[in-house]
Amino acid sequence: MSDLGSEELEEEGENDIGEYEGERNDAGERHGNGKARLPNGDTYEGKYEFGKRHGQGTYKFKNGARYIGEYFKNKKHGQGTFIYPDGSRYEGEWADDQRHGHGVYYYINNDTYTGEWYSHQRHGQGTYFYAETGSKYVGTWVNGQQEGAAELIHLNHRYQGKFLNKNPVGPGKYVFDIGCEQHGEYRLTDVERGEEEEEEEALIAVVPKWKATKITELALWTPRLPEELPPADTLPGQEEVMGAEGGEPGDDIQLLTDFSEGENESLRAIDEDGDTIREEGQDYSRDEFRYDMDQGEDEGEGSVSEGLLTPCDEAAWSKAVLGQARGLERDSEDPL
């Protein structure tokens, strides 16, 4: 059973007395430690206060589900673990008989959700891990759905952007482990329908489609070291050695920028090829970036399709071109 259907399991109310063994107060109410067998076949063992489940206790349903945790006036409230009949379980905070606060849900397909809950639903910041593919969604949730700024992390690349109704929308970028980024935008498009489907009065399905705009290198920050001033005291003969090795400072600069005509033509051709690659944006359908959330109602959230996306090949070639250009620059530098 998924987290969306757990509210169907209801405990017996305070008026369903059943059989009871345990402590009572002067008024004859269940008060202190006790054990009860309720008319519907459920059992409870734990703390009571003024006739109500209050404090630490264990409630076992006749269908095999059970709750182990804190109660407040007959309701699950505080820290607790709920194990459902199918083996899935929730560990975390409760309020007024509902998952509320921070908690972890373990699905039967080994998927997990770790994050914030509100009124029994995933709401706020949370991470959903897809066990089948190793991918995970890290970001914002609204009323149980992936919505807002988030990052979808795969084994060899990740997508950063915004989500709406479980789908990526608007500007974003793919970051590849090979050392490049592909920038673009997800645009909503209508699904193509057949003649029979067009005759039926049905809502038009809208799916996001990726439109790439450019490929860049990873935006890495490199610290710059302050320039050191020459020492005040110069050893005898040091000026002569420096003059013999390096000559005038302008010579070093001239040496780094002195390419032959052939090398300059090669660099110019490489730059033109790189610009052409960046300008060629390709459409990638949602099939290359799809994951199924509907299955989560019964077995968790389903799986995320993985594998390196088509843009990776283009990105790898672009990086190779940029790397070749830098190689020519390094070859021209003075080894000293």
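Calculation notes
Every chain begins its residue count from 1, and numbering advances along the sequence as written. With pLDDT at 70 or above as the cut-off, local features in this predicted model cover only qualifying residues; side-chain atom pairs require 80 or more to be listed or tallied, and sums for whole chains, interfaces and linings still use all residues. Side-chain numbers come from the whole structure's heavy atoms, not from hydrogens or water. Numbered from the N terminus, helices here are DSSP runs of H or I no shorter than four residues, and strands are runs of E no shorter than two. Residue burial is assigned from relative accessible area. The probe radius is 1.4 Å, only protein chains are included, and a residue is buried under 20% of its type maximum, exposed over 50%, and partly exposed in between. In these tables, accessible area is a Shrake-Rupley quantity obtained with a 1.4 Å probe, and a residue counts as shielded only by the protein chains included in the view. As used here, the term nonpolar core means buried Ala, Val, Leu, Ile, Met, Phe, Trp, Tyr and Cys residues forming a set that is joined through side-chain atoms within 4.5 Å. Any two residues having at least one pair of non-hydrogen atoms within 4.5 Å are treated as being in contact. For two strands to pair, DSSP has to find at least two bridges joining them. One number per residue, pLDDT, summarises how confident the predictor is, and it ranges from 0 to 100. Whenever Lys or Arg places a side-chain nitrogen within 4 Å of a carboxyl oxygen from Asp or Glu, that contact is recorded as a salt bridge. Two aromatic rings, drawn from Phe, Tyr or Trp (for Trp, its six-membered ring), form a pair once their centres lie within 6.5 Å of each other, and the interplanar angle then sorts them: stacked below 30 degrees, edge-to-face above 60, tilted otherwise.

Visitor: Would you mind going over the overall build of the protein in detail, with residue names and values included?
Guide: Looking only at helices and strands, the protein features six helices and 17 strands. Split into buried and exposed, the 336 residues of the protein put 35% on the buried side. On the protein, roughly 20,700 Å² of surface is accessible, and the fraction owed to carbon and sulfur atoms is 47%.

Visitor: Give a description of the nonpolar core that names residues and reports values.
Guide: Here is a general trend for soluble globular proteins: nonpolar side chains tend to be buried in one another's company. Counting residues in each nonpolar core, the largest one holds 33 residues, and the members touching the most others are Phe82, Tyr128 and Tyr137. At three residues, strand E16 (residues 206-217) tops the list of elements feeding residues into this core. Residues in contact with Tyr137, not counting those within four places in the same chain, are Gly126, Thr127, Tyr128, Tyr130, Gln146, Glu147, Gly148, Ala150, Glu151, Leu152 and Phe163.

Visitor: Break down unusual backbone geometry for me, with residues and values.
Guide: In this structure, Asn74 is a non-glycine residue whose phi angle is positive, near 75°. Relative to the helices and strands, Asn74 resides in the loop between strand E5 (66-72) and strand E6 (75-83). Among the residues examined, Asn74 registers a relative accessible area of 12% and is labelled buried. Its identity is not glycine, yet Lys166 carries a phi of approximately 75°, on the positive side. Relative to the helices and strands, Lys166 resides in the loop between strand E13 (157-164) and strand E14 (167-176). Judged by its relative accessible area of 18%, Lys166 is buried.

Visitor: Give me the pairing of strand E9 (residues 112-118): which residues, what numbers.
Guide: When strand E8 (residues 98-106) meets E9, the two strands line up antiparallel, connected through six bridges. Along E9, the bridge assignment pairs His102 with Glu116. Where E8 folds back onto E9 in an antiparallel hairpin, the turn is made up of five residues, including Asn110, whose phi is positive at roughly 75°. As defined by bridge partners, E9 adjoins strand E10 (residues 121-129) across six bridges and the pair is classed as antiparallel. Each bridged residue has a counterpart across the sheet, and for Tyr113 the counterpart in E10 is Tyr128. Where E9 hands over to E10, the hairpin turn is made up of two residues, of which Ser119 adopts a positive phi near 50°.

Visitor: Any chance you could break down the confidence of the model for the protein for me, citing the residues and the numbers?
Guide: In the predicted model, the protein carries a mean pLDDT of 74, and the fraction of residues at 70 or more is 55%. The low-confidence segment residues 234-264 (pLDDT under 50) makes 13 contacts with residues lying over four places distant or belonging to another chain. Confidence drops under pLDDT 50 across residues 327-336; counting only partners more than four residues distant or on other chains, this segment forms eleven contacts.

Visitor: How would you summarise the environment of Glu45 if you had to cite specific residues and measurements?
Guide: Within the secondary structure, Glu45 sits in strand E3 (residues 43-49). Each C-alpha atom of the pair Glu45 and Asn33 lies 7.7 Å from the other, and the pair is twelve residues apart in sequence. In contact with Glu45, not counting residues within four places along its chain, are Gly34, Lys35, Gly57 and Thr58.

Visitor: Tell me about the pattern of salt bridges, residues and numbers included.
Guide: All told, the structure shown has six salt bridges when counted by the stated rule. When the shortest N-O distance is used, the salt bridge between Lys76 and Asp97 registers 3.2 Å. Taken together, the residues Lys76 in strand E6 and Asp97 in the loop between strand E7 (89-95) and E8 connect sequence positions 21 residues apart. A relative accessible area of 29% means that Asp97 is categorised as partly exposed.

Visitor: Could you give an account of the packing of aromatic side chains, with specific residues and numbers?
Guide: Across all of its chains, the model carries 29 aromatic pairs by this definition. Where Tyr44 meets Tyr48, the ring centres are 5.2 Å apart and the plane angle is 90°; that geometry is what we call edge-to-face. By relative accessible area, Tyr44 is classed as buried at 1%. Residue classification places Tyr48 among the buried positions, given a relative accessible area of 6%. Here Tyr67 and Trp94 contribute two aromatic rings whose centre-to-centre distance is 5.5 Å and whose plane-to-plane angle is 80°, an arrangement assigned as edge-to-face. Linking Tyr67 in strand E5 with Trp94 in strand E7, this pair joins segments that are 27 residues apart in sequence.

Visitor: Help me get a handle on the environment of Val206, residues and values and all.
Guide: Structurally, Val206 can be placed in strand E16. Remark: the alpha-carbon pair of Val206 and Thr189, spanning 17 residues in sequence, is separated by 5.5 Å.

Visitor: So what's going on with the pairing of strand E11 (residues 136-142)? Residues and values would help.
Guide: Note: E10 against E11, six bridges, orientation antiparallel. Across the sheet, Phe129 pairs through a bridge with Lys136, a residue of E11. If you look at the hairpin formed by E10 and E11, you'll find six residues sitting between the two strands, and Gly134 has a positive phi there, around 80°. Across six bridges, the pairing between E11 and strand E12 (residues 145-153) is antiparallel. For Trp141, the partnering residue across the bridge sits in E12 and is Gln146. Hairpin connection of E11 to E12: two residues between the antiparallel strands, including Asn143 at a positive phi of 50°.

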